[in-house]
Amino acid sequence: MSERLYVFDTTLRDGEQVPGCQLTTVEKLEVARMLERLGVDVIEAGFPVSSPGDFNSVVEISKVLTQPVVCALTRGVKEDIDVAVDALQFAKRKRIHTGLGTSDYHIRYKFNSTRDEILERSIEATKYAKHFVEDVEFYCEDAGRTDNEYLARVVEAVIKAGATVVNIPDTTGYCMPDEFGAKIAYLKEHVTGIDKVILSCHCHNDLGMATANTLQAVMNGVRQVEVTINGVGERAGNTALEEIVMALRCRKEIGVDTNIQAKHIYAASRIVSNLMNMPIQMNKAIVGRNAFSHSSGIHQDGVLKNHSTYEIIDPKDVGVDPNTILLTARSGRAALRHRLQTLGFKVDDDRMLSLYKDFLDLADKKRYIDDDDLRLLLGVDRNKDKAIVVEYLNVISGKNVDHTAELGLIVKGEKKVGKATGNGPVDASINALKSILGLNMILREFTIQSISKGSNDVGKVHMQVEYEGRIYFGFGANTDIVEASLEAYIDAVNKFI
């Protein structure tokens, strides 16, 4: 019988720290409910002291969840802990996640302190949090670069102070797998009382080692893994939930398993990608579009005879339906609703009316509609009620002609028209927008990504627009790349108008 491994999901905290991927409270609730269906044990709902929005999200998530532990992150200071306690007041099962940096890099340069002072502050923070909740998790930030002997002292001290979970993060993604596994083994051997707590790990992917490091930690005694859907997170991201869950299912000899309902993995992946406007790389393990694709004739022949010849995971086990109904302009609402439900989206009748119209408009431009197209349609449908809405766009472009754009907008209910030239159709369209709004905006980044194949492809555009010294992120998607670019620019502008 496999030992139990607890899954601590930090998509809504660490994952949401990705620039441009911030979620509203309503969107966070949608993700939280999906994580509950997935079977996650602990949901880190946010960092309450960081902003009123984060505080409110933790409050609202606490109200709706019944099964998972709701966790709030804090620094190892009383003010943070007090705010977290208030945010968690409605949680059925609650945890405070507090801690301090323990590496010499953090002690010297971040805190301008000493090892002994950090040790005392760690004890104080743990004891203070314990006054309010029974379940206290302590993190030793940058444990990956912390001297093992000192790390063991801190871990032992916070266990004595009342910690129920101790988190060993590879905060900078610095460790090699054997090195990180050995660090966990050292703690298991040298820390008195470590058998009384759950040892956790939180790995980052700066060197592409997050999953490998996490698996090594599990094989050396960690019984909680801190992960995110699709591996989203700061810099190069975090350990991907789906990779750890399925690695343990495939390699049963490890003898450890989770309570994750893997059939919901694909739906969870798509919901997070859609809400965060963060594409999933095509060759991403488990959830990428190519994860179960075979182009080689030899591979195709083998899979058709028996999928296990080239697939170590049955696609159905993670919620991927290999026999997807093909959606075209002739598909009805029932087929569309069925596919949306398969992807994990619940759409009411009123929303279905407008969504089906958008679906038909796109299907007329493409031969068939795939899952990524549906996620884009849902995003377009959700973003309609904005201060600026495009009424029409006419562009003249070609060789040896002036690139000209005429743009009609509805700005806060008022119709406005602008016309401008540029060094291309996209530049002309943006200049027309600027002429209407009269704002000093600077385009800092412009990225175009194809999501399928062919000349009728949907293009996704991500932009960074600077206004009054701040950067705003925008997203657009359309079969016309000029329209997609204008949508992305307006999406950014809508965030400060």
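Shown above is the structure to which this text applies.
Being a predicted model, the structure only gives us computed values, none of them experimental.

About the cut-offs
- Residues numbered from 1 in each chain as written.
- Predicted model: local features only at pLDDT ≥ 70, side-chain atom pairs only at ≥ 80, totals over all residues.
- Heavy atoms only, no water.
- Pairing = 2+ DSSP bridges.
- Helix = DSSP H or I, 4+ residues; strand = E, 2+ residues; numbered from the N terminus.
- Axes fitted to C-alpha atoms, helices over the stretch in contact; angles between N-to-C directions.
- Contact = heavy atoms within 4.5 Å.
- Phe/Tyr/Trp six-rings, centres within 6.5 Å; stacked < 30°, edge-to-face > 60°.
- Buried < 20%, exposed > 50% of the residue type's maximum accessible area, 1.4 Å probe, protein only.
- Lys NZ or Arg CZ within 6 Å of the ring centre and 35° of its normal.
- Patch = residues over 30% accessible without salt bridge, like charges linked within 9 Å, V, L, I, M, F, W, Y side chains within 5 Å.
- Areas by Shrake-Rupley, 256 points an atom, 1.4 Å probe, with all protein chains shown as cover.
- Salt bridge = Lys/Arg side-chain N within 4 Å of Asp/Glu carboxyl O.

Things to note about the sheet that holds strand β12 (residues 403-411)
No. 1: Spatial ordering of the open sheet is given by β11-β12-β13, a layout of 3 strands whose pairing is antiparallel. Bordering the open sheet on either side are β11 (388-396) and β13 (414-422), each of which pairs with just one other strand. Averaged over all pairs of adjacent strands, the angle between their axes in this sheet comes to 15°, without regard to strand direction.
No. 2: Relative to β13, β12 runs antiparallel, the two being bridged by 9 bridges. Paired with Ile-410 across the bridge in β13 is Lys-415.
No. 3: Here helix α15 (residues 425-437) sits on the sheet in contact with β11, β12 and β13, set at roughly 135° to β13.
No. 4: On top of the sheet, helix α16 (residues 481-493) reaches β11 and β12; it is set at about 145° to β11, its chief contact.

Remarks on the packing of aromatic side chains
No. 1: Scanning the model with the defined rule gives 5 aromatic pairs in all.
No. 2: An angle of 10° between the planes, with centres 4.2 Å apart, marks the rings of Tyr-467 and Phe-496 as stacked. Of this pair, Tyr-467 sits in strand β15 (residues 459-467) while Phe-496 sits in the segment after α16, and the two are 29 residues apart along the sequence.
No. 3: On the basis of relative accessible area, Phe-496 is assigned to the buried category, the value being 16%.
No. 4: In textbook terms, an aromatic cluster arises when at least three aromatic residues are bridged by ring pairs, as seen for Tyr-467, Tyr-472 and Phe-496.
No. 5: The ring of Phe-90 has Lys-63 sitting right over it, with the charged end atom 5.0 Å from the ring centre.

Structural notes on the sheet that holds strand β3 (residues 42-46)
No. 1: Pairing is parallel around the closed barrel formed by 8 strands, whose spatial order is β2-β3-β4-β5-β6-β7-β8-β9. Taking the axes of each pair of neighbouring strands and ignoring which way they run, one obtains an average angle of 25° across the sheet.
No. 2: The pairing of strand β6 (residues 136-141) with strand β7 (residues 165-170) spans 3 bridges and is parallel. Residue Tyr-139 lies in a different strand from β7, and its bridge partner there is Asn-167.
No. 3: Across the face of the sheet, helix α7 (residues 177-190) comes into contact with β7 and β8 (198-203) while running at roughly 155° to β7.

Describing a nonpolar patch on the surface
No. 1: Side chains of Leu-443, Phe-446, Ile-448 and Ile-481 sit close together on the surface and give an oily, nonpolar patch of about 310 Å² of accessible area.
No. 2: For the nonpolar patch, the element with the most residues is strand β14 (residues 441-450), which contributes 3 residues.
No. 3: Position of Leu-443 among the secondary structure elements: in strand β14.
No. 4: Given the relative accessible area of 32%, Leu-443 is considered partly exposed.

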